[in-house]
Amino acid sequence: MAGGPSSPELAAAVSTAGGLGFLAAGYKTADGMYQEIQRVRGLTGRPFGVNLFMPQPELDDTAAVEVYREQLAGEATWYETALGDPHGPTDDGYEAKLAVLREDSVPVVSFTFGCPTAETVESLARVGTYTVVTVTTPAEARAAQDAGADAVCVQGVEAGGHQGTHRDDPQSDGTGAGLGLLALLAEVRETVRLPVIAAGGLMRGGQIAAVLAAGAACAQLGTAFLACPESGAHPLHKQALTDPRFTRTELTRAFSGRPARGLANRFLREHGPYAPAAYPAVHYLTSPVRKAAAAAGDPQAMNLWAGQGHRLARQLPAAELMEVLVAELTAARAASSPAGPAGPGTFGSAS
């Protein structure tokens, strides 16, 4: 949900409705993150979280990125824009963001693309912050536990957007790796003692009931909230979720250089097989093209991140969607319980 969809309005609406809304700070400056935190606090008194991207290694294979730049020259010409600087900002602001979060703490901080150090986790714990690490393997879950994290977010391969792998294998095209959520959830629960949050393709209350029954402490939903009016996703992105022209999703490096699941459009099909494993260089390189395509009203060159359940998206206000999900969850639990209806139990929605 980084890059705009996870707006303060969406995070606040989810939290006010009883879930746990999240701000995506991965592409924000430290000051931009701080300003959004203040906006959420002005909209709700409920707990919320902030997600950070872990810093990535320096780019090694610059030649592969230059080859990809040449391949994208036609896209730049078509959309009348220059390609971006693959080196991007000289500082991703990770340490500055941590400093803000230590000085002005929030209830929950989660990490993606790696595991923070034990010192970082401890520093956040001292200011009362609960820490979550996104994991895609049991080994990553063990690393999170060793670092002292409070919980892990288990991300199945069904999830939309970037796969939260701690290491991106440059020898792999990134399109075939990963376990389905229920299998991964079982493996991680047998590996670590931490509470487990389930994420990946969840769109209905019945699916939430299934992961809770499988041992998850709560469920995390992203794509389900993309179409909400409070979401900052581009209108073309929202429409594409249920557009019959976009019938499936694929994992691709085409837009960012890291495996990410999105709706299969022209750009993904034409460039995905050739995109190098070079995040965030490819993200910065393709950014102007993606923005120009959006401005031109052309979803065929936009990164339309979406989970496998995207066809089940509902264009409802976030609070109403929360009510529907909880009702579905309660009904699913009642149907599976011989003792009759039960309360909604633990339910979390992270945007």
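Everything below is about the structure shown above.
Within every chain, residues take consecutive numbers counted from 1 along the sequence as written. Reporting of local features is limited, given that this is a predicted model, to residues whose pLDDT is at least 70; pairs of side-chain atoms are given and counted only at 80 or more, and all residues count toward the totals for whole chains, interfaces and linings. The side-chain quantities take in all heavy atoms of the structure and omit both hydrogens and water.

## Points about the overall build of the chain
Part 1 of the reasoning: Only DSSP runs of H or I with at least four residues qualify as helices, and only runs of E with at least two residues qualify as strands; both kinds are numbered from the N terminus onward. In terms of helices and strands, the chain carries 13 helices and 10 strands.
Part 2 of the reasoning: The quantity called the radius of gyration is restricted to C-alpha atoms. Its globule counterpart is 2.2 Å times the number of residues to the power 0.38. Here the C-alpha radius of gyration of the chain, 19 Å, is about what a compact globule of 351 residues would show, namely 20 Å.
Part 3 of the reasoning: The principal-axis extent of the C-alpha atoms belonging to the chain is close to 65 × 45 × 40 Å.
Part 4 of the reasoning: Classification of residues uses two cut-offs on accessible area relative to the type maximum, computed with a 1.4 Å probe and protein chains only: under 20% is buried, over 50% is exposed, and between them is partly exposed. Going through the 351 residues of the chain one by one, you find that 53% of them count as buried.
Part 5 of the reasoning: In the chain, of all internal contacts separated by at least 6 residues, the share reaching a separation of at least 24 is 67%.
Part 6 of the reasoning: For the accessible areas, the method is Shrake-Rupley and the probe is 1.4 Å, while residue cover comes only from the protein chains on display. Carbon and sulfur atoms form 53% of the exposed surface of the chain, whose accessible area is close to 14,800 Å². Contacts are assigned to residue pairs that have any heavy atoms within 4.5 Å of one another.

## Concerning the pairing of strand E10 (residues 260-263)
Part 1 of the reasoning: Inspection of the sheet shows strand E6 (residues 161-162) paired to E10 by 2 bridges, in the antiparallel sense. Bridge assignment links Gly161 to a residue of E10, and that residue is Arg261.
Part 2 of the reasoning: The pairing of strand E9 (residues 249-252) with E10 spans 4 bridges and is antiparallel. Note that in E10 the partner of Glu250 across the bridge is Gly262. At least two bridges found by DSSP between two strands is the condition for calling them paired.

## So, the side chain of Glu140
Part 1 of the reasoning: Its place among the elements puts Glu140 in helix H7 (residues 138-146).
Part 2 of the reasoning: Charge counting treats Lys and Arg as positive and Asp and Glu as negative, with His and both chain ends excluded. A carboxyl oxygen of Asp or Glu within 4 Å of a side-chain nitrogen of Lys or Arg is what we treat as a salt bridge. Arg258 provides the closest opposite charge to the buried, unpaired Glu140, separated from it by 7.6 Å.
Part 3 of the reasoning: Among residues more than four places away in sequence, those in contact with Glu140 are Val135, Gly164, Thr165, His166 and Arg167.

## Section: helix H13 (residues 318-336)
Part 1 of the reasoning: A rise of 1.5 Å per residue sets the reference length of H13, with its 19 residues, at 27 Å; its end C-alpha atoms lie 27 Å apart and thus fit the reference within 8%.
Part 2 of the reasoning: Every buried residue of H13 is listed here: Ala318, Leu321, Met322, Leu325 and Leu329. End-on, the buried residues of H13 take up no more than an arc of 100 degrees, which puts them together on one face. For H13, the exposed residues set more than 90 degrees away from the buried face come down to Glu323 and Ala335. Here, expected helix span is obtained from the residue count minus one, scaled by 1.5 Å. Each C-beta atom gives one direction from the helix axis, and the arc is the one those directions make.

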